[in-house]
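A structural walkthrough
This is what each chain is made of:
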Amino acid sequence: MGSAPPVFIGAEEVEKHLHRASLLLPALEAALGNFSSGAAGGVAQPVRTVVPVHRHGGFLGVMPAYSAADDALTTKLVTFYEHKKDSSVPSHQATVLLFDPRNGSLKAVLDGSVITAKRTAAVSAIATKLLMPPFAEVLCILGAGVQAYSHYDIFTELFTFKEVRIWNRTKEKAVKFANSVNGPVQVCSSAQEAVTGADVVVTVTMATTPILFGDWIKPGAHINAVGASRPDWRELDDELMKNSVLFVDSRDAALTESGDVILSGAEIFAELGEVVKGTKPALPEKTTVFKSLGMAVEDTVAAKFVYDSWSAGN
Ligand SMILES: NC(=O)C1=CN([C@@H]2O[C@H](COP(=O)(O)OP(=O)(O)OC[C@H]3O[C@@H](n4cnc5c(N)ncnc54)[C@H](O)[C@@H]3O)[C@@H](O)[C@H]2O)C=CC1
Ligand SMILES: O=C([O-])C1=[NH+]CCC1
């Protein structure tokens, strides 16, 4: 007899089981620590394979991982398009396949877009909790797309900023953002205006050349650099990269995929998982950059969380 056919868990169901990104925090913290523990951590995760779709300005990323601690095996397939031809289609679309690690059977196909939005924001929140200066008051978000919303949600849930600012390349999108979220947001006319005096900055744009410059940054600020996931794409300039303490999710991925790291030649101080484990210090008094590229194991623990909640009929 063959195994049961896989279940499909669509975006609405994923959202229902993962209504707050903060539900993922314990699993993500553990996964980051395990990833940065080498073989002892039990995470098998190659640097993702990215296939360029030259003719259409797009990319297909294939992101497999196995986590022994979670006994969970997944692969995410994610497409991201630099030049969207049709604005009704999101720039990033994803699907996660969840396998039974005991025998390799496919158990579930999950929408991966909600998972990608929420696990990325939750990892930035983990970095921020560890690296931001004490008494941080001003949060600045550069970009007003999907990741801007998920970052806003978890950052305002976990931290108490006195002021939130947003800048986007097209101001209408920033205004729409400010009018849609539950709380006051200051729309800024330039990235420099938004960043000046900010304690925590999140860059979530599709920029391919720098939009954030070192001489705008308040000393001691913390930056979550979430965009620019290609080796020739930038969000941050050389000055910021070189004059900050640089944390990454994966050293191997950063040295393969991050234009900000590769082209600036900035030295990596630590993986975030090493700080979570306590084997590297956080240095919150310094200006810090967390260069996030997104890791497959983050999708693994998020998909398992959703699948387990769905299976339990929650
Ligand atoms: N580190 C990670 O784990 C992940 C990173 N990402 C990255 O985060 C970034 C944001 O993703 P989404 O919010 O899903 O994308 P989105 O397409 O929903 O939003 C992108 C935003 O960037 C702005 N933008 C586009 N081109 C720009 C340019 N040249 N300069 C400045 N702004 C520009 C757009 O107006 C839009 O507000 C992307 O770079 C994406 O690849 C996405 C998923 C996971
Ligand atoms: O981790 C992820 O899913 C992605 N990182 C950059 C584009 C998509």
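As a starting point, this report considers the structure included with it. As the structure is a prediction and not an experimental result, all values here were calculated from the model.

**A closer look at helix α11 (residues 296-311)**
With 16 residues, α11 should reach 22 Å at 1.5 Å per residue; the first-to-last C-alpha distance of 22 Å fits that figure. Listing the buried residues of α11 in full gives A296, V297, E298, D299, T300, V301, A302, A303, V306, Y307 and S309. Note on α11: the residue one or two positions beyond its end, G313, has a positive phi of about 70°.

**A look at the site of ligand 1**
If you check the shell around ligand 1, you find 22 residues, and the closest are S91, H92, Q147, N168 and T205. Contact distances for ligand 1 include 3.4 Å between an oxygen atom and a side-chain N or O atom of T120. Protein coverage of the free-state accessible area of ligand 1, which is 860 Å², stands at 89%. Within the residue set of the shell around ligand 1, elements represented by two or more residues are α3 (113-131) and α4 (146-158).

**Quick look at the sheet that holds strand β10 (residues 186-187)**
Read across the sheet, 8 strands follow the order β10-β9-β8-β11-β12-β15-β13-β14 without closing on themselves; strand pairing throughout is parallel. Strand pairing shows two members of the sheet lacking a second neighbour, β10 and β14 (268-271), which therefore form its edges. Relative to strand β15 (residues 288-291), strand β12 (residues 222-225) runs parallel, the two sharing 4 bridges. Considered in β15, the bridge of H222 is made with T288. Strands β11 (200-203), β12, β13 (245-248) and β15 of the sheet are contacted by α3, whose axis makes an angle of about 160° with β12.

**Concerning the pairing of strand β6 (residues 92-99)**
Two strands pair when backbone bridges link them, and strand β5 (residues 72-81) and β6 are joined in this way by 8 bridges, in the antiparallel orientation. Within β6, the position partnered with L73 by the bridge is F99. Bridging between β6 and strand β7 (residues 106-111) involves 5 bridges; their strand directions are antiparallel. Considered in β7, the bridge of F99 is made with L106. With antiparallel pairing between neighbouring strands as the criterion, β6 and β7 make up a hairpin whose turn holds 6 residues, including G104 at a positive phi of roughly 85°.

**Regarding helix α2 (residues 25-35)**
Turning to α2, its buried residues number three or more, namely L25, L28, A31, L32, G33, N34 and F35. Each element contacted by the buried residues of α2 is listed here: β2 (43-44), α3, α4, β14, α10 (272-277) and α11.

**Some points on the site of ligand 2**
Looking at ligand 2, the residues that line it are R48, M63, K76, F80, H92, T116, R119, S229, L293 and G294. R48 places a polar side-chain atom, nitrogen or oxygen, 3.1 Å from an oxygen atom of ligand 2. Taking L293, its main chain carries an N or O atom lying 2.9 Å from a nitrogen atom of ligand 2. Out of a free accessible area of 250 Å², ligand 2 has 92% covered by protein chains.

Cut-offs used in this document
- Residues numbered from 1 in each chain as written.
- Chains lettered and ligands numbered in written order.
- Predicted model: local features only at pLDDT ≥ 70, side-chain atom pairs only at ≥ 80, totals over all residues.
- Heavy atoms only, no water.
- Helix = DSSP H or I, 4+ residues; strand = E, 2+ residues; numbered from the N terminus.
- Expected span 1.5 Å × (residues − 1).
- Buried < 20%, exposed > 50% of the residue type's maximum accessible area, 1.4 Å probe, protein only.
- Near = heavy atom within 4 Å.
- Polar contact = N/O pair within 3.5 Å; in protein donor to acceptor, adjacent residues only side chain to side chain.
- Areas by Shrake-Rupley, 256 points an atom, 1.4 Å probe, with all protein chains shown as cover.
- Pairing = 2+ DSSP bridges.
- Contact = heavy atoms within 4.5 Å.
- Axes fitted to C-alpha atoms, helices over the stretch in contact; angles between N-to-C directions.

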